[in-house]
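Report on the structure
Here is what each chain is made of, one letter per residue.
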Amino acid sequence: QVQLVESGGGLVQAGGSLRLSCAASGRTFSTYTMGWFRQAPGKEREFVAAISWSGGTTYYADSVKGRFTISRDNAKNTVYLQMNSLKPEDTAVYYCAARPLRDYAVAYYDYWGQGTQVTVSS
C-alpha cells in the first residue's frame, strides 16, 4: 500500500513559479513510475508529466513541455514538479499518482494523492 500527499500549491501570478512535492509512504515507492495529473473545473483529468522508477526517463504533455520539470528523490520517497512560466490555463487541482496500470499518460494509476490547488492569476 502506498499513500501519497501533495504539497506546494497556491496562488501565483502569470509568469511565476511553483514547486509541487508528493511525499509517498511505503517501501515500494522507488519501484514505481510516478505521474502528475491535473483537473480544472468542468474538465477531465489530464496528464501533465511522468517519471520512470529510476528517474532516467521523463514524459511531458505538450502543453507543459519546456516549462515544467518532473524529478524524484527515491531516498526521500518524494517526487517533484517544478512549474515555471505559469499561465492562467495551468490553474487546476494537481494530483500525484503512483504505478500506472495502463499507459503512463492515462489517468488509470493504482494510487492517488488528494490533490493540491494551483491558481494562476492573469
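As the structure is a computational prediction, the values presented were derived from the model and not from experiment.

With that settled, consider the overall build of the chain. If you tally the helices and strands in the chain, you get zero helices and eleven strands. For the chain, the succession of helices and strands along the chain, N to C, is β-β-β-β-β-β-β-β-β-β-β. A globule of 122 residues ought to have a C-alpha radius of gyration of about 14 Å, and the chain, at 13 Å, matches this closely. Counting only C-alpha atoms, the chain reaches 40 × 25 × 25 Å along its principal axes. Going through the 122 residues of the chain one by one, you find that 42% of them count as buried. Of the roughly 6,200 Å² that the chain leaves accessible, carbon and sulfur atoms contribute 46%.

Turning to the state of the cysteines, a few remarks are in order. Under the counting rule described, the total for this entry stands at one disulfide. Paired by a disulfide, Cys22 and Cys96 hold their sulfur atoms 1.9 Å apart. When the S-S torsion is -50°, as for the bridge of Cys22 with Cys96, the disulfide is left-handed. In this pair, Cys22 sits in strand β3 (residues 18-24) while Cys96 sits in strand β9 (residues 92-100), placing the two residues 74 residues apart along the sequence. Comparing Cys22 with Cys96, the two get one shared label, buried.

Taking strand neighbours across the sheet as the criterion, the four strands line up as β1-β3-β8-β7 in an open arrangement whose pairing is antiparallel. Pairing within the sheet leaves two strands with one partner each, and these edge strands are β1 (4-7) and β7 (68-73). Within this sheet the neighbouring strands show an average axis-to-axis angle of 15°, counted without direction. Of the strand pairs in this sheet, β7 and strand β8 (residues 78-83) are connected by six bridges, and their pairing is antiparallel. Counted as the bridge partner of Asp73 is Thr78 from β8.

So, about the environment of Asp90. As for its placement among the helices and strands, Asp90 is situated in the loop between β8 and β9. A residue is classified by how much of its surface remains accessible, and Asp90, at 1% relative accessible area, is buried. Between the C-alpha atoms of Asp90 and Leu20, which are 70 residues apart in sequence, the distance is 13 Å. Setting aside residues no more than four positions away along its own chain, Asp90 makes contact with Arg38, Arg67, Phe68, Ser85, Val118 and Val120. One polar contact links the side chain of Asp90 to the main-chain amide nitrogen of Lys87, over a distance of 2.8 Å.

Conventions and cut-offs
- Residues numbered from 1 in each chain as written.
- Predicted model: local features only at pLDDT ≥ 70, side-chain atom pairs only at ≥ 80, totals over all residues.
- Heavy atoms only, no water.
- Helix = DSSP H or I, 4+ residues; strand = E, 2+ residues; numbered from the N terminus.
- Rg over C-alpha atoms; globule rule 2.2 N^0.38 Å.
- Buried < 20%, exposed > 50% of the residue type's maximum accessible area, 1.4 Å probe, protein only.
- Areas by Shrake-Rupley, 256 points an atom, 1.4 Å probe, with all protein chains shown as cover.
- Disulfide = S-S within 2.5 Å.
- Pairing = 2+ DSSP bridges.
- Axes fitted to C-alpha atoms, helices over the stretch in contact; angles between N-to-C directions.
- Contact = heavy atoms within 4.5 Å.
- Polar contact = N/O pair within 3.5 Å; in protein donor to acceptor, adjacent residues only side chain to side chain.

Just distances and angles here, no functional claims.
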